Amino acid sequence: MKNRCFVFHCLLIGLLFTACEKDEQPQPEPTAFTFIAADSLVFEHSGTLPYPVAVQSTSGKSFISSFSGLFDSFYNGGTTLNIPSNESRAFDMTFNQFGVTPGAYPCTLSVAVPNENNAVKTQTVYMVYRPNCGYAFRNYTIAEITYAINGILENKAITCSYNTNGQLEVVGLTPFLVVLNFDCPNSMVSMEPLIHLGNVVTCTGTIVGSEIMFQFFNDGVFNASGKIKF
């Protein structure tokens, strides 16, 4: 009986010693790395823009980068990037402006080492919808135009919308759709040229306060002037 107790006691000590040995085994150090990425990405209108991420590390490993918490209107296809050490790769970020209020929408960018749960780094990134100055005219409903042929001022009921190319589309001002491009720093506008009744129609204008003053030309000859107002 004593021999059996002695053997059991030895086995128990051996098991405890083995468990202690396992607990005391050193854990691998997390892979050292840093990454560089912009803290924001700015969209003026719907479209796709590159968002690069660069990783720096002496490990020679490959890293995985991903987004989480993206607002619904910003999309990267649910993809992840595989980024080799000391290289850069870019997400293709797509934005749909429909129904979105201009502003900054935060999300989280993560960079990690595959199969190393303790080697993850994150950064807050702001996806920004910042339309150009044409956006301010999107709900304008009134315009006036005076044609050179008779000098009579005409009041027009119009509708304006800010399209997915960052342009202002004006319906009701003329028999054709007027699509305006904006040079906001210089308060200038210009129409997408078109052909109407065999003439090349162009339009230039300026932003004066809360109004757009414009002039139309047919084949380079002055045709009409007016303004778009609220």
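What comes next is a walk through the structure. Because the structure is a prediction, the values reported are computed rather than measured.

1. Here's the deal with the overall build of the protein
Piece 1. When its secondary structure is counted, the protein shows 1 helix and 19 strands.
Piece 2. Counting over 230 residues, the protein shows a buried share of 33%.
Piece 3. Approximately 13,700 Å² of the protein is accessible, and the part contributed by carbon and sulfur atoms is 57%.

2. Brief notes about the packing of aromatic side chains
Piece 1. Overall, the coordinates contain 18 aromatic pairs when judged by the stated rule.
Piece 2. Each ring, one from Tyr129 and one from Tyr135, has its centre 6.2 Å from the other, and the planes form 85°; the classification is edge-to-face.
Piece 3. Classification of Tyr135 as buried rests on a relative accessible area of 18%.
Piece 4. Grouping aromatic residues by their ring pairs yields a cluster made of Phe43, Phe71, Phe74, Phe95, Tyr105, Tyr129, Tyr135 and Tyr162.

3. Re the environment of Pro84
Piece 1. Here Pro84 shows up in strand S6 (residues 81-84).
Piece 2. By relative accessible area, which is 25% here, Pro84 ends up partly exposed.
Piece 3. With residues near it in sequence (within four places) discarded, Pro84 still touches Val55, Lys61, Ser62 and Arg89.

4. Focus on the nonpolar core
Within soluble globular proteins, side chains that are nonpolar generally end up buried alongside one another.
Piece 1. Counting 28 residues, the largest nonpolar core has Tyr51, Val53, Phe67 and Leu109 as its most contacted members.
Piece 2. Residue assignment for this core shows that the elements contributing at least two residues are strand S2 (40-43), strand S3 (47-56), strand S4 (62-68), S6, strand S7 (87-95), strand S8 (103-113) and strand S9 (116-129).
Piece 3. Considering every element that reaches this core, the biggest residue donor is S8, with 5 residues.
Piece 4. Formed by 24 residues, the second largest nonpolar core is a distinct cluster that contains Phe137, Val178, Met191 and Ile228.

5. Notes on the sheet that holds S8
Piece 1. The mixed open sheet is built from 5 strands, whose spatial order is S2-S9-S8-S4-S6. Sheet topology places S2 and S6 at the edges, where each strand pairs with a single neighbour. The sheet shows a mean angle of 30° between the axes of neighbouring strands, direction not considered.

6. Comments concerning unusual backbone geometry
Piece 1. With a phi angle near 55°, Ser187 is a residue other than glycine that sits in the positive phi range.
Piece 2. Here Ser187 is to be found in the loop between strand S14 (178-183) and strand S15 (188-191).
Piece 3. Unusually for a residue other than glycine, Leu197 sits at a positive phi of about 55°.
Piece 4. When you line up the elements, Leu197 lands in the loop between strand S16 (194-196) and strand S17 (199-208).
Piece 5. The class for Leu197 is exposed, based on a relative accessible area of 74%.

7. Here we look at the sheet that holds S7
Piece 1. Read from one edge of the open sheet, 4 strands run S1-S3-S7-S5, paired in antiparallel fashion. Each of the sheet's edge strands pairs with one partner strand only, and the pair in question is strand S1 (34-36) and strand S5 (74-75).
Piece 2. Across 2 bridges, S5 lies against S7 in antiparallel orientation. Paired with Tyr75 across the strands is Thr94, a residue of S7.

8. Points about the pattern of salt bridges
Piece 1. All told, the structure shown has 5 salt bridges when counted by the stated rule.
Piece 2. A salt bridge links Lys156 to Glu154; the nearest nitrogen and oxygen atoms lie 3.4 Å apart.
Piece 3. Since its relative accessible area comes to 27%, Glu154 is described here as partly exposed.
Piece 4. Between Lys227 and Glu211 there is a salt bridge, with the nearest N and O atoms lying 3.7 Å from each other. Of this pair, Lys227 sits in strand S19 (residues 221-229) while Glu211 sits in strand S18 (residues 211-218), placing them 16 residues apart in sequence.
Piece 5. Judged by relative accessible area, Glu211 falls into the partly exposed class, the value being 21%.

Cut-offs applied
- Residues numbered from 1 in each chain as written.
- Predicted model: local features only at pLDDT ≥ 70, side-chain atom pairs only at ≥ 80, totals over all residues.
- Heavy atoms only, no water.
- Helix = DSSP H or I, 4+ residues; strand = E, 2+ residues; numbered from the N terminus.
- Buried < 20%, exposed > 50% of the residue type's maximum accessible area, 1.4 Å probe, protein only.
- Areas by Shrake-Rupley, 256 points an atom, 1.4 Å probe, with all protein chains shown as cover.
- Phe/Tyr/Trp six-rings, centres within 6.5 Å; stacked < 30°, edge-to-face > 60°.
- Contact = heavy atoms within 4.5 Å.
- Core = buried A, V, L, I, M, F, W, Y, C linked by side-chain atoms within 4.5 Å.
- Pairing = 2+ DSSP bridges.
- Axes fitted to C-alpha atoms, helices over the stretch in contact; angles between N-to-C directions.
- Salt bridge = Lys/Arg side-chain N within 4 Å of Asp/Glu carboxyl O.

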